[in-house]
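Coordinates in review
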Amino acid sequence: MNDITNGSQAPIAIGCDHAAYQLKEIIKKYLSDQGIDVEDVGTHGEESVDYPDFGNKVSLMVSTGQYERGILICGTGLGMSMVANRFPHVRAALCSEPFSAEMSRRHNNSNILAMGARMIGDIMAKEIVNVWLKTPFDGDRHQKRIDKFDGGQE
Ligand code: RB5
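Before going into details, it helps to say that this report is about the structure given with it.

About the cut-offs
- Residues numbered from 1 in each chain as written.
- Predicted model: local features only at pLDDT ≥ 70, side-chain atom pairs only at ≥ 80, totals over all residues.
- Heavy atoms only, no water.
- Buried < 20%, exposed > 50% of the residue type's maximum accessible area, 1.4 Å probe, protein only.
- Helix = DSSP H or I, 4+ residues; strand = E, 2+ residues; numbered from the N terminus.
- Pairing = 2+ DSSP bridges.
- Right-handed = clockwise from strand over helix to strand, strands pointing away.
- Near = heavy atom within 4 Å.
- Polar contact = N/O pair within 3.5 Å; in protein donor to acceptor, adjacent residues only side chain to side chain.
- Areas by Shrake-Rupley, 256 points an atom, 1.4 Å probe, with all protein chains shown as cover.
- Nonpolar A, V, L, I, M, F, W, Y, C, P; charged D, E, K, R; others polar.
- Axes fitted to C-alpha atoms, helices over the stretch in contact; angles between N-to-C directions.
- Core = buried A, V, L, I, M, F, W, Y, C linked by side-chain atoms within 4.5 Å.

1. Focus: the pairing of strand 5 (residues 112–116)
Of all five residues making up strand 5, five are buried, and the element is well covered by its neighbours. Burial along strand 5 is two-sided: Ile112, Ala114 and Gly116 and Leu113 and Met115, pointing in opposite directions, are all buried. Both strand 3 (residues 69–74) and strand 5 contribute to a ladder of five bridges, which runs parallel. Following the sheet pairing, Cys74 is matched in strand 5 by Gly116. In the sheet, strand 4 (residues 92–94) pairs with strand 5 via three bridges, with the strands oriented parallel. The residue of strand 5 that forms the bridge with Ala92 is Ile112. In the classification by handedness, the crossover that spans strand 4, the intervening helix 4 (residues 98–106) and the parallel strand 5 is right-handed.

2. Considering the site of the ligand
Around the ligand, the neighbouring residues are Asp17, His18, Ala19, Tyr51, Cys74, Gly75, Thr76, Gly79 and Arg118. Contact distances for the ligand include 2.7 Å between an oxygen atom and a backbone N or O atom of Gly75. With the chains in place, 72% of the 290 Å² that the ligand exposes on its own is no longer accessible. Taken together, the residues that form the shell around the ligand break down as three nonpolar, four polar and two charged.

3. A closer look at the sheet that holds strand 3
With parallel pairing, the five strands of this open sheet are ordered in space as 2-1-3-5-4. At either end of the open sheet lies a strand with only one pairing partner, and these are strand 2 (38–40) and strand 4. Each strand axis lies, on average, 20° off the axis of its neighbour in the sheet, ignoring direction. Examined bridge by bridge, strand 1 (residues 12–16) and strand 3 share five bridges and lie parallel to one another. Paired with Cys16 across the strands is Ile73, a residue of strand 3.

4. Thoughts on the nonpolar core
Ranked by internal contacts, the top residues of the largest apolar core, which has 23 residues, are Ile27, Leu31, Ile71, Ile73, Leu113, Met115 and Val129. Those elements giving two or more residues to this core turn out to be strand 1, helix 1 (21–33), strand 3, strand 5 and helix 5 (122–134). Of all the elements, helix 5 adds the most residues to this core, at six residues. Val41, Phe54, Tyr67 and Phe87 belong to the second-largest nonpolar core, a separate cluster that totals 16 residues.

In short, the description is geometric, and any link to function would need to be established separately.
Here you go:
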């Protein structure tokens with residue numbers, strides 16, 4: 001089995017809106033094929049919905065620690081990333097290529113990956129997920145910087 005997570009098999013919460021339903025299904029299968037448990041909060045079709053309804057669900061699951069990590073996909077990824085970053089302890093990264101995904105893990109310890117289904121293709125999305133899942137946080141000075149989020153001072 002090609003283990004995309006380098007051993008980390010933590011379950012992932014995933015959500016999307018109508019614009020990203022197809023890509024969400026592809027990413028869900030990609031994760032399941034690696035033996036990763038996926039909690040799919042919807043949406044479950046292409047009927048128009050409001051992205052915050054699904055973004056809020058995944059963000060709350062990560063914010064409360066119920067899930068370590070989540071993936072949110074909408075048309076551009078912008079709305080989902082905005083929704084997610086309003087939740088305490090959530091650090092959502094909107095990524096359109098793998099280098100941002102890698103650095104969002106190494107330097108920002110991102111715990112939600114946001115993507116835009118109208119911005120990138122399936123293969124790029126899978127590679128972003130692959131890199132995002134397997135890259136660990138660098139810690140040290142980067143943790144000190146994260147501790148300053150939400151107006152925190154040294
Ligand atoms: C839906 O049309 C679109 O607005 C949504 O998917 C997302 O791109 C919002 O940021």
